[in-house]
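Read off the chains here:
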Amino acid sequence: MTFKDKTVVFDSPKIMGILNVTPDSFSDGGQFNELDAALRHTQNMLEHGATFIDVGGESTRPGATPVSLSQELDRVIPVIAAIASRFDVIISIDTSKAEVMKEAVSNGAGLINDVRALREPNALQTAAELAIKHNIPSCIMHMQGKPETMQIAPKYDSVVDTITGFFSEQIARLTDAGFHYKQIMLDPGFGFGKTLDHNFEMLKHFVHFTQFDLPVLAGLSRKSMIGKLLSREVNDRLAGDITVNTIAALAGASVLRVHDVKEAMDVAQIIRKLNQIN
Ligand code: 9MG
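Residues numbered from 1 in each chain as written. Predicted model: local features only at pLDDT ≥ 70, side-chain atom pairs only at ≥ 80, totals over all residues. Heavy atoms only, no water.

Draft legend 1. Structural context of the environment of Ile132. Relative to the elements of secondary structure, Ile132 occurs in helix α4 (residues 123–134). Through-space distance from the C-alpha of Ile132 to that of Gln183 is 9.5 Å; in sequence the pair is 51 residues apart. Filtering out sequence-adjacent residues up to four positions away, Ile132 remains in contact with Ala177 and Gly178. (Helix = DSSP H or I, 4+ residues; strand = E, 2+ residues; numbered from the N terminus. Contact = heavy atoms within 4.5 Å.)

Below, the structure written as structure tokens:
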């Protein structure tokens, strides 16, 4: 898959390092909202082998306060511009707002990561235009409900069938809007309108999400499914993270979105070795 001018071959899982530039971010507590700290953290993630850096200015954890357009632009654009001018990396912009997508791409972003699957006003048209004119793929995530309310009694007949059905619909919707098929990344959305059991059912049957021959992203890092099952606080979930990322990678995840890049790279390298053996 090509991201603006950079081609990535998904012959083994690639790592997306998380760079939250929010004061209320759930697991790094806004530690990286100063530009210098954000750049140092980026450099560290790149040294450990990250292929993507996902920059986000709005927390999507349940109950997080929404941010205005100007606040979000102020948080993410200087960071994206600074990363783009210093590092050779694919910058992913974690946003649902059309204006942020446009500005982020003008300043160097090469991937749109939208947890709301391009359903906010003008998001689909804007992302399609960016795909057509600048070769910017989009990552489309499944979420039941909205971040504010999504964890209030989520319900599915079959969570895996619902998500695969959603992927089919979204692929048709994006290609109708002008995306090439190969400009779409999929994400089942762990923790977004799912109970603990739904999340583990998704993990167990992750291979189903790879049936579209498109890269599938697994966002499992420090999520509450690990914390709840193991009774671990957010900064004590590394062993759980490595385990769930390994399971997703063995089932065909192409991208692991993580806080802990070094450990995720170890997983990716082991999977790569296994993939080379007949
Ligand atoms: C921004 N963000 C938080 N969690 C995420 C996940 O699981 N997937 C994607 N694509 N983005 C996420």
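Draft legend 2. A look at the packing of helix α3 (residues 98–106) against α4. The interhelical angle for the contact between α3 and α4, taken along N-to-C directions, is 20°, at an axis separation of 8 Å. What the angle tells us is that α3 and α4 run roughly parallel. In the crossing of α3 with α4, the sense of the turn from one axis to the other is right-handed. On α4, the residues that touch Ala98, Met101, Lys102 and Val105 of α3 are Ala123, Thr126, Ala127, Leu130 and His134. Residues belonging to the contact of α3 with α4 are distributed by class as follows: 6 nonpolar, 2 polar and 1 charged. (Axes fitted to C-alpha atoms, helices over the stretch in contact; angles between N-to-C directions. Parallel < 35°, antiparallel > 145°, perpendicular 65-115°, else oblique. Left-handed = near helix turned anticlockwise from the far one by under 90°. Nonpolar A, V, L, I, M, F, W, Y, C, P; charged D, E, K, R; others polar.)

Draft legend 3. Representation of the site of the ligand within the structure. Every residue close to the ligand is listed here: Thr60, Asp94, Asn113, Val115, Met141, Asp187, Phe192, Leu217, Gly219, Lys223 and Arg257. Between the ligand and Asn113, the relevant distance is 2.7 Å, taken from a nitrogen atom to a side-chain nitrogen or oxygen of the residue. In this structure, an oxygen atom belonging to the ligand sits 2.7 Å away from a side-chain N or O atom of Lys223. Taken by itself the ligand offers 300 Å² of open surface, and the protein chains cover 96% of this. When grouped by side-chain class, the residues that make up the shell around the ligand number 4 nonpolar, 3 polar and 4 charged. (Near = heavy atom within 4 Å. Polar contact = N/O pair within 3.5 Å; in protein donor to acceptor, adjacent residues only side chain to side chain. Areas by Shrake-Rupley, 256 points an atom, 1.4 Å probe, with all protein chains shown as cover.)

Draft legend 4. Layout of the nonpolar core. Of all hydrophobic cores here, the largest spans 72 residues; its most connected members are Val55, Ile83, Leu118 and Phe179. Excluding its chain neighbours within four sequence positions, the residues that come into contact with Leu118 are Met101, Ile112, Ala123, Leu124, Ala127, Ser138, Ile140, Arg173, Leu174 and Phe179. Grouped together as the second largest cluster of nonpolar side chains are 11 residues, Met1, Phe52, Ile90 and Leu217 included. (Core = buried A, V, L, I, M, F, W, Y, C linked by side-chain atoms within 4.5 Å. Buried < 20%, exposed > 50% of the residue type's maximum accessible area, 1.4 Å probe, protein only.)

Draft legend 5. Representation of the pattern of salt bridges in the model. Applying the stated rule across the entire model yields 12 salt bridges. In this structure, Glu58 engages Arg116 in a salt bridge whose closest nitrogen and oxygen atoms are separated by 3.6 Å. Separated by 58 residues along the polypeptide, Glu58 in the loop between β4 (52–56) and α2 (69–86) and Arg116 in the loop between β6 (109–114) and α4 bring together distant segments of the chain. The residues Glu58 and Arg116 share a single accessibility class, namely buried. The salt bridge partner of Lys102 is Glu99, with a shortest N-O separation of 3.9 Å. Highlighted residues: Lys102 and Glu99, both in helix α3, separated by 3 residues, approximately one helical turn. Bridged by salt links that share partners, the residues Asp5, Lys6 and Asp88 form one connected network. (Salt bridge = Lys/Arg side-chain N within 4 Å of Asp/Glu carboxyl O.)

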